[in-house]
Each structure stands twice: as structure tokens, then as C-alpha cells.
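One-letter residues, chain by chain:
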There are 2 protein chains.
Amino acid sequence: MGNVELEQLREQLDDVNLKLLELINKRAELVQEIGNVKKVQGVNRFDPVRERDMLDLIAEKNEGPFETSTLQHIFKEIFKASLELQEDDHRKALLV
Amino acid sequence: MGNVELEQLREQLDDVNLKLLELINKRAELVQEIGNVKKVQGVNRFDPVRERDMLDLIAEKNEGPFETSTLQHIFKEIFKASLELQEDDHRKALLV
């Protein structure tokens, strides 16, 4: 009984993981596009004000169960990875 | 021209951020449910084999642009936060 329930919950969890994977990668593509537009405009790709705004929106919309501080920590990891990805793209572009 | 495009991309990014927020919290609820089932069964809530399986699935399904190692790092942060949330729940239960 409990094992069937556990199995079902785990399937739901795998499903959520894959949706997260898809969204995190979609987010990375958007950040790459934003980086390209900014490059054309000649403005800096890292924008701490914009990052703060995004974290504020997370705080505003958070309904739990995670604490806002926990979510902001996770999002900061995603932001950092996105920035690193742009730096990699930039390095690759320089090598072409 | 570029600014309109930038604004649209940023709106899309906010939208993705909010979907991520929702999914990460949904994931936390599922982990709490799984924790409750396991508690009834008297088994340990931290399961490194299951965690490895989830990371393997991420690796298998990743289509980029993020590297698998980057995604696994982000997911490990989410796993860690989920485990901490369960520990908080456990502590609160002990205090009732």
C-alpha cells in the first residue's frame, strides 16, 4: 500500500524534475538571447539591479513551502550558472 | 528597437522565473509527502541511490544549453534545500 503510494509520488517527482530541467535550459536560452541583444547595444551583460528585481519578484510571489531565502539561494545559483554560460559563449566566440 | 526586444525577452524571463518558482515549491510539497510516507514506513528519508537515479535521469534527458554538470549542481542545491525543509518539519513536529 505505502509502496504503491511512494512509487506514484516518485513518478510525480521525476516528472517535476524533467519539467524543471526543461525550464532551466529554456531560461538559459533566453539569457543567451538577452546577452546577444546587449552585446549589439554594447552594454554590460551583468546587471545587478535587474538581478535584484528578479529576486524581489520571487520574494513577492513565493507561497511556500520553501522559505524565500532558500529560493533566492537556488535562483542565485541559476543566475551564476547563466552568467558562466555567457562567458563560455564569449570565450568560444573569441576562439573562432 | 533593441530595447523593445530586450523588454520582451525580460518579460519572458520573468515568466520562466515564476514557473520555476512554482515548480520548485511543488517539488518541495512532493518531497514532504514522500517524507511522510517514509516516516510511516519507518525508513530513512535520505536515499542516496534515489538521488543518484534522479541525477542520472537529468544527464540522460539534458538537451542543453547548460552542461549536465551545471544542471546537476543546481539540482543538488534543490535536493539539499528539500532535505533541510524536511528536517525543519521534523523539528517543528518534535516541538508540538
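As the structure is a prediction and not an experimental result, all values here were calculated from the model.

> So what exactly am I meant to see when it comes to the overall build of chain A here?
On a plain count of helices and strands, chain A comes out with three helices and zero strands. Here the C-alpha atoms of chain A give a radius of gyration of 18 Å, more than 25% beyond the 12 Å that 2.2 N^0.38 yields for 96 residues. Projecting the C-alpha coordinates of chain A onto the three principal axes gives extents of approximately 60 × 35 × 15 Å. In chain A, 52% of the contacts between residues at least 6 apart in sequence involve partners at least 24 apart. Here chain A has roughly 5,700 Å² of accessible surface; of this, 50% comes from carbon and sulfur atoms. Here chain A contributes 14 positively and 20 negatively charged side chains, and the mean placements of these two sets differ by 7 Å.

> Is there a simple way to explain the interface of chain B and chain A in this structure?
How big an interface is tends to be expressed through the accessible area that disappears when the partners come together. Counting residues at the interface gives 51 residues for chain B and 51 residues for chain A. Around 5,100 Å² of area is buried between chain B and chain A when both sides are counted, 74% of it from carbon and sulfur atoms. The tally of links between chain B and chain A comes to four salt bridges. Scanning the region where chain B abuts chain A turns up 18 residue pairs in polar contact (both at pLDDT 80 or more). Looking at the side of chain B that touches chain A, the elements with two or more residues in it are helix 1 (2-41), helix 2 (48-61) and helix 3 (68-95) of chain B. In terms of residue count, helix 1 of chain B provides more of the side of chain B that touches chain A than any other element does, 30 residues in total.

> Is there a simple way to think about the confidence of the model for chain A in this case?
One rule of thumb: low pLDDT means the predicted coordinates there are not for detailed reading. Considering every residue of chain A, the mean pLDDT works out to 92; 98% of them sit at 70 or more. Per-element mean pLDDT across chain A ranges from 88 in helix 3 (residues 68-95) of chain A up to 96 in helix 2 (residues 48-61) of chain A.

> Would you explain helix 1 of chain B in this entry?
Within an α-helix, residues lying three or four positions from one another point in the same direction, as the helix has 3.6 residues per turn. Counted at 1.5 Å a residue, the expected span for helix 1 of chain B with its 40 residues is 58 Å, and the 58 Å between its end C-alpha atoms agrees. Following helix 1 of chain B by one or two positions, Gly42 of chain B has its phi on the positive side, about 75°.

> Just to check I follow, could you spell out the nonpolar core for this structure?
A general trend in soluble globular proteins is that nonpolar side chains are found buried together. One finds Leu20, Ile24 and Phe75 of chain A together with Leu20, Ile24 and Phe75 of chain B to be the most contacted residues of the largest nonpolar core, which totals 48 residues. Secondary-structure elements contributing two or more residues to this core are helix 1 (2-41), helix 2 and helix 3 of chain A together with helix 1, helix 2 and helix 3 of chain B.

> Help me understand the packing of helix 3 of chain A against helix 1 of chain B, please; the structure alone is not making it clear to me.
If you want to describe how two helices pack, look at the angle between their axes and the distance between the axes. Two numbers describe how helix 3 of chain A lies on helix 1 of chain B: the axes approach to 12 Å, and their chain directions differ by 130°. Our classification of the angle between helix 3 of chain A and helix 1 of chain B gives oblique. For helix 3 of chain A against helix 1 of chain B, the interelement crossing comes out right-handed. Where helix 3 of chain A approaches helix 1 of chain B, its residues Leu71, Ile74, Phe75 and Ile78 of chain A are matched on the opposing element by Asn17, Leu20, Leu21, Ile24 and Asn25 of chain B. Its residues placed into classes, the contact of helix 3 of chain A with helix 1 of chain B shows seven nonpolar, two polar and no charged.

> Explain unusual backbone geometry to me, please; I cannot follow it from the model alone.
Note: most peptide bonds trans; most residues except glycine with negative phi. Cis geometry is found at the peptide bond from Gly64 of chain A to Pro65 of chain A, where omega equals 10°. One can find Pro65 of chain A in the loop between helix 2 and helix 3.

> Honestly, the pattern of salt bridges in this entry has me stumped. Any pointers?
Two side chains carrying opposite charge are able to pair once their charged atoms lie near each other. Residue and element names in this part refer to chain A. Scanning the entire structure with this criterion turns up ten salt bridges over all chains. Residue Asp15 is joined to Lys19 by a salt bridge in which the shortest nitrogen-to-oxygen separation is 3.4 Å. Note that Asp15 and Lys19 are positioned in helix 1 at a spacing of four residues, about one turn of the helix. With a relative accessible area of 39%, Lys19 lands in the partly exposed category.

> Would you mind going over the packing of helix 1 of chain A against helix 2 of chain B with me for this structure?
Across the interface, helix 1 of chain A lies against helix 2 of chain B with an axial gap of 10 Å and an inter-helix angle of 40°. Here helix 1 of chain A lies oblique to helix 2 of chain B, going by the angle between them. In this structure, helix 1 of chain A meets helix 2 of chain B at a crossing whose hand is right-handed. Contacts between helix 1 of chain A and helix 2 of chain B involve Arg10, Leu13, Asp14, Asn17, Leu18 and Leu21 of chain A from the first element and Arg50, Met54, Leu57, Ile58 and Lys61 of chain B from the second. Along the lines of polarity and charge, the residues of the contact of helix 1 of chain A with helix 2 of chain B split into six nonpolar, one polar and four charged.

> Help me understand the relation of the copies chain B and chain A in this model?
Here two copies of a chain appear, and what relates them is a rotation about an axis with a shift along it. Mapping chain B onto chain A calls for a rotation angle of 180° and an axial translation of 0.0 Å; the resulting RMSD is 0.0 Å. What we have between these two chains is a two-fold relation. Mapped onto chain A, 100% of the interface residues of chain B are again interface residues, and the two copies thus contact each other with one and the same surface.

About the cut-offs
- Residues numbered from 1 in each chain as written.
- Chains lettered and ligands numbered in written order.
- Predicted model: local features only at pLDDT ≥ 70, side-chain atom pairs only at ≥ 80, totals over all residues.
- Heavy atoms only, no water.
- Helix = DSSP H or I, 4+ residues; strand = E, 2+ residues; numbered from the N terminus.
- Rg over C-alpha atoms; globule rule 2.2 N^0.38 Å.
- Contact = heavy atoms within 4.5 Å.
- Areas by Shrake-Rupley, 256 points an atom, 1.4 Å probe, with all protein chains shown as cover.
- Lys, Arg positive; Asp, Glu negative; His and termini not counted.
- Charge placed at Lys NZ, Arg CZ, Asp CG, Glu CD.
- Buried area = accessible area lost by both parts, 1.4 Å probe.
- Salt bridge = Lys/Arg side-chain N within 4 Å of Asp/Glu carboxyl O.
- Polar contact = N/O pair within 3.5 Å; in protein donor to acceptor, adjacent residues only side chain to side chain.
- pLDDT = per-residue confidence, 0-100.
- Expected span 1.5 Å × (residues − 1).
- Core = buried A, V, L, I, M, F, W, Y, C linked by side-chain atoms within 4.5 Å.
- Buried < 20%, exposed > 50% of the residue type's maximum accessible area, 1.4 Å probe, protein only.
- Axes fitted to C-alpha atoms, helices over the stretch in contact; angles between N-to-C directions.
- Parallel < 35°, antiparallel > 145°, perpendicular 65-115°, else oblique.
- Left-handed = near helix turned anticlockwise from the far one by under 90°.
- Nonpolar A, V, L, I, M, F, W, Y, C, P; charged D, E, K, R; others polar.
- Least-squares fit on C-alpha atoms with pLDDT ≥ 70 in both.

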